[in-house]
Amino acid sequence: MSRFLRCGLMGTLALGLCLWTASVTRSADDDDDAMDIKEAGKATEGLKKLIDLIDKDKDKNEIAKAAEDLDKKTDLKHIMWAAYKPREKGGLGVGDKDDKIKPDGIEAKLINMFKREMPAEQLKKEGPALIKMAETAKAMAEIAELHTPTMNMPKKPIADWKKFNKAQKDAAGDLIDAVNKNKPDKVQDAVKNLYSSCTNCHSVFRP
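Residues numbered from 1 in each chain as written. Predicted model: local features only at pLDDT ≥ 70, side-chain atom pairs only at ≥ 80, totals over all residues. Heavy atoms only, no water.

## Regarding the packing of aromatic side chains
Logical step 1: Summed over all chains, the structure comprises 2 aromatic pairs.
Logical step 2: Taken together, a centroid distance of 5.6 Å and an interplanar angle of 65° make the contact between Phe114 and Tyr195 edge-to-face. Placement of the pair is Phe114 in helix α5 (residues 106-115) and Tyr195 in helix α8 (residues 184-205), with a sequence separation of 81 residues.
Logical step 3: Ring centres of Trp161 and Phe205 lie 5.0 Å apart, and the angle between their planes is 80°; on these two criteria the pair is classed as edge-to-face. Taken as a pair, Trp161 in helix α7 (residues 158-180) and Phe205 in helix α8 lie far apart in primary sequence, 44 residues in all. As far as burial versus exposure is concerned, Trp161 and Phe205 are alike and both buried.
Logical step 4: Here the guanidinium or amino end of Lys85 rests over the ring plane of Trp81, the centre of that ring lying 4.8 Å away. (Phe/Tyr/Trp six-rings, centres within 6.5 Å; stacked < 30°, edge-to-face > 60°. Helix = DSSP H or I, 4+ residues; strand = E, 2+ residues; numbered from the N terminus. Buried < 20%, exposed > 50% of the residue type's maximum accessible area, 1.4 Å probe, protein only. Lys NZ or Arg CZ within 6 Å of the ring centre and 35° of its normal.)

## Re the nonpolar core
Logical step 1: Core analysis: the largest hydrophobic core is formed by 44 residues, its most contacted members being Leu47, Leu50, Met140, Ile143, Leu175 and Val187.
Logical step 2: Of all elements in the fold, only α2 (44-55), α3 (60-73), α4 (76-84), α5, α6 (120-146), α7 and α8 reach the threshold of two or more residues within this core.
Logical step 3: Ranked by the residues each element gives to this core, the list is headed by α6, at 10 residues.
Logical step 4: Discounting chain neighbours no more than four positions away, the residues touching Leu50 are Ile63, Ala66, Ala67, Leu70, Ala139 and Ile143.
Logical step 5: Within the second largest apolar cluster, 6 residues are counted, among which are Ala144, Phe164, Cys201 and Phe205. (Core = buried A, V, L, I, M, F, W, Y, C linked by side-chain atoms within 4.5 Å. Contact = heavy atoms within 4.5 Å.)

## Section: the side chain of His78
Logical step 1: As for its position among the elements, His78 is in helix α4.
Logical step 2: You can call His78 buried: its relative accessible area is 6%.
Logical step 3: Excluding residues within four positions of it along the chain, His78 makes contact with Asp36, Glu39, Ala40 and Ala43.

Here is the structure:
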């Protein structure tokens, strides 16, 4: 066999192996997504109830009870999944389905808003959905509070968990205030603080 043919054969085999590996990886990811979507579905109704209580500014004890009830239904990962992923991935999405707001997932929307200031006209149009996003962040802070560590671990002090969670609540409140005042620059500032509170917490406490 000529050197040219050997190289061609080896290249074909390598390409086939890469495609097969990619296919297997994709299939495994799809299976993981299906399982996560199913688990997140268990949290949806309880999460909507918790967000509604926050929206109506209900008694703190009532909100805390709703958070506890939700937390018993599934794990923190899948409550977060339900809160932040787009509808096609089993999340609540952003706004009503008919609004067709893009990006649809809260996490993706926060990243988008982090990068660029939203025009005032768009802010006015999407305001109710953005307020619901902030209320969802407040709901997740209630859930996170239930998972506050009971002891300090190396480089994972309890004080940091509480600090990041307070930052999340404060930034969510600032976002609601800025949306109500239709202040694009203040909205972006609040989004940056909200997103940073999440990423800072993940950088310390995620394995």
